[in-house]
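Listed below, chain by chain, are the residues.
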Amino acid sequence: MKSEKLVRMANQIATFFAHEGAEKAPLSVADHLQKFWEPRMRAQLLAAVASGEAEGLHPLARAAVAALEPVER
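These remarks concern the structure in this document. Since the structure is predicted, the reported quantities are computational estimates derived from the model, not experimental observations.

Here is what the cut-offs are and how they apply
- Residues numbered from 1 in each chain as written.
- Predicted model: local features only at pLDDT ≥ 70, side-chain atom pairs only at ≥ 80, totals over all residues.
- Heavy atoms only, no water.
- Core = buried A, V, L, I, M, F, W, Y, C linked by side-chain atoms within 4.5 Å.
- Buried < 20%, exposed > 50% of the residue type's maximum accessible area, 1.4 Å probe, protein only.
- Helix = DSSP H or I, 4+ residues; strand = E, 2+ residues; numbered from the N terminus.
- Contact = heavy atoms within 4.5 Å.
- Salt bridge = Lys/Arg side-chain N within 4 Å of Asp/Glu carboxyl O.
- Expected span 1.5 Å × (residues − 1).
- Axes fitted to C-alpha atoms, helices over the stretch in contact; angles between N-to-C directions.
- Parallel < 35°, antiparallel > 145°, perpendicular 65-115°, else oblique.
- Nonpolar A, V, L, I, M, F, W, Y, C, P; charged D, E, K, R; others polar.
- Arc of directions from axis to C-beta.

A short note on the nonpolar core
Note on soluble globular proteins: their nonpolar side chains tend to be buried together. Membership of the largest hydrophobic core comes to 21 residues, with the highest contact counts inside it found for Ala-10, Ile-13, Val-29, Leu-33, Trp-37, Leu-45 and Leu-57. Where this core is concerned, the elements lending two or more residues are helix H1 (3-17), helix H2 (21-36), helix H3 (39-51) and helix H4 (59-67). Top element by residues in this core is H1. It accounts for six residues. Excluding residues that lie within four positions of it along the chain, Leu-45 makes contacts with Leu-6, Ala-10, Leu-33, Trp-37 and Val-65.

Have a look at this one:
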């Protein structure tokens, strides 16, 4: 999946949880990604952030990515 699509999807999730505030929302986003995204999708998002290809990623989504567990391949 292209990184642009993953960023768009992660941003939608971040927007949904934004009402929880800057402290709780990233954890809720990370929990959602952990529960509902395939490991392959999470790994691609982590790689996109690490390589700088996740341009436009919502700050709450970026904080959530930092809280994600590493994906085993």
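Past the structure itself, the notes keep going.
Here's the deal with the pattern of salt bridges
Applying the stated criterion across every chain, the model contains two salt bridges. The shortest N-O distance in the salt bridge between Asp-31 and Lys-35 comes to 3.2 Å. Of this pair, Asp-31 and Lys-35 both sit in helix H2, four residues apart, which is roughly one turn of that helix. Of the charged contacts, one joins Arg-40 and Glu-38 as a salt bridge, the two residues approaching to 2.7 Å between their closest N and O atoms. Among the residues examined, Arg-40 registers a relative accessible area of 56% and is labelled exposed.

Here we look at H2
With 16 residues, H2 extends 21 Å from end C-alpha to end C-alpha; this agrees with the ideal 22 Å at 1.5 Å per step. Buried within H2 we find Ala-25, Pro-26, Ser-28, Val-29, Ala-30 and Leu-33.

Remarks on the packing of H1 against H3
Remark: H1 packs on H3, axes separated minimally by 10 Å, with the N-to-C direction vectors making an angle of 100°. Classified by the interaxial angle, the pair formed by H1 and H3 is roughly perpendicular. Contact residues: H1 offers Ser-3, Leu-6, Met-9 and Ala-10, while H3 offers Met-41, Gln-44, Leu-45 and Ala-48. Tallied by class, residues from the contact of H1 with H3 come to six nonpolar, two polar and no charged.

A short note on H4
Among the residues of H4, those classed as buried are Leu-60, Ala-61, Ala-64 and Val-65. Seen end-on, H4 carries its buried residues on one side only, within an arc spanning 145°. Facing away from the buried side of H4, by more than 90 degrees, are the exposed residues Pro-59 and Ala-66. Where the residues of H4 are buried, they touch H1, H2 and H3.

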